[in-house]
Amino acid sequence: MSLRVVFMGTPDFAVPTLVEIVGQGHEVVAVYSQPPRPAGRGLQPTPSPVHRQAEALGIPVLTPTSLKSAEEQERFRAHDADVAVVVAYGLILPVPILDAPREGCVNLHASLLPRWRGAAPIHRAIMAGDRETGVAVMRMEAGLDTGPVAMTERVAIRPDETTGDLHDRLARLGADLMVRALAALSRGALGAVPQPAEGVTYAAKIDKAEARIDWSLPAATVHDRIRGLSPFPGAWCEATIGGKPERVKVLRATLAPETAAADANATVAPGTLVDDRLTVACGSGAVRLVELQRAGGKALRAEDFLRGAALAPGARLG
């Protein structure tokens, strides 16, 4: 049985779920998304990815800056929805909104709740060195990601996987999970289990101050932060190129072989290049830089980067 759905989402992560819901024959009567934001060189107001996708599908789009007013809440109730599907929308939903659809609101969250509640679950899972994550469909309540969990899917985090890589995998996995949850809901068979009190962690928004690489940390920690911050905001360091200090983003890295790391730690300070393949000594161990980007340039593999930036063994990265 098809459902009458209000969809609420903003970024790329939410787009596959919207497309799958429509593809499964549910009636999406309205899409809510964040208002257009200035973007590009001209800083022109630009609709969100979900906004653009909804327009392409011919679905009405609403972009309120808040849902707290009685007027907005009445407009929401007027959609007469069976359920609201929420995926990275970006606004807090007041209780009158949560209670308006006949079956309430269900949320797709990119973690295995209660681990990594909050704004940046994919970044934080990788930065913490987690080896597993997943997606969860949760029945929403007033707390921050505290509602009972209806369905989950688990995935292993690959050793060199970045936030960008994992984001794309989880977006597809989450879309499939949500349409299965809606199918169960339409049959009256979508149960939910309260989240345990143990194991709660919070995925705070990424602060740009976290992006500067601290080479004095263990190599595994440096590696996890590099991949957890890629592609945005991008972990960075300073390198002297052509006699001038320059900020360089490191978008991909891998742990160096143990023998190379042991040799590096025995002879040089953290942040020192120990070979001609961009292997960098850390507080313990070493990482090999795989993909880098100079300010204003494009992302380059290490070998291509070195053709335009002569960084020799012994050079220090700040």
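Residues numbered from 1 in each chain as written. Predicted model: local features only at pLDDT ≥ 70, side-chain atom pairs only at ≥ 80, totals over all residues. Heavy atoms only, no water.

## Some remarks on the UniProt feature "binding site: (6S)-5,6,7,8-tetrahydrofolate" (unreviewed entry) in the chain
(1) Moving on: UniProt records the feature "binding site: (6S)-5,6,7,8-tetrahydrofolate" (unreviewed entry) for S111, L112, L113 and P114 in the present numbering.
(2) Moving on: If you trace the backbone, L112 turns up in the loop between β7 (105-109) and β8 (117-118).
(3) Moving on: If we ignore the near neighbours within four places in the chain, the residues touching L112 are E132, T133, G134, V135, T152, E153 and R154.
(4) Moving on: One can find P114 in the loop between β7 and β8.
(5) Moving on: Classification of P114 by relative accessible area gives buried; the value is 7%.
(6) Moving on: When near neighbours in sequence (up to four residues on either side) are disregarded, P114 contacts Q195, P196, E198, G199, V200 and T201. (UniProt positions renumbered as here; feature names shortened; annotations may be inferred. Helix = DSSP H or I, 4+ residues; strand = E, 2+ residues; numbered from the N terminus. Contact = heavy atoms within 4.5 Å. Buried < 20%, exposed > 50% of the residue type's maximum accessible area, 1.4 Å probe, protein only.)

## A look at helix α1 (residues 15-23)
(1) Moving on: Those residues of α1 lying buried are V15, T17, L18 and I21. Angularly, the buried residues of α1 cover 165° about the axis, an arc narrow enough to put them on a single face.
(2) Moving on: Turning to α1, the residues buried within the fold contact β1 (4-9), β2 (27-32), α2 (49-56), β6 (83-87), β7 and α6 (163-186).
(3) Moving on: Once α1 finishes, G25 follows within two positions and takes phi at roughly 95°, a positive value. (Arc of directions from axis to C-beta.)

## A closer look at the nonpolar core
One recurring pattern in soluble globular proteins: nonpolar side chains tend to sit buried together.
(1) Moving on: Ranked by internal contacts, the top residues of the largest apolar core, which has 40 residues, are F7, V85 and M178.
(2) Moving on: A total of 10 residues in this core trace back to one element, the largest contributor, which is α6.
(3) Moving on: Contacts of F7, omitting those with residues within four sequence positions, involve A14, T17, L18, I21, V28, A30, V31, Y32, V50, V85 and V87.
(4) Moving on: Residues A211, I226, L278 and V280 belong to the second largest nonpolar core, which totals 28 residues. (Core = buried A, V, L, I, M, F, W, Y, C linked by side-chain atoms within 4.5 Å.)

## Thoughts on the packing of α1 against α2
Geometry of a packed helix pair, given as the angle between the helix axes and the separation of the axes.
(1) Moving on: In the contact formed by α1 and α2, the axes pass within 9 Å of each other and the chain directions differ by 25°. Relative to α2, α1 is oriented roughly parallel. As α1 packs across α2, the resulting crossing turns out to be right-handed. Mapping the contact onto sequence places V15, L18 and V19 in α1 and P49, V50, Q53 and A54 in α2.
(2) Moving on: Among the residues making up the contact of α1 with α2, the classes are represented as 6 nonpolar, 1 polar and no charged. (Axes fitted to C-alpha atoms, helices over the stretch in contact; angles between N-to-C directions. Parallel < 35°, antiparallel > 145°, perpendicular 65-115°, else oblique. Left-handed = near helix turned anticlockwise from the far one by under 90°. Nonpolar A, V, L, I, M, F, W, Y, C, P; charged D, E, K, R; others polar.)

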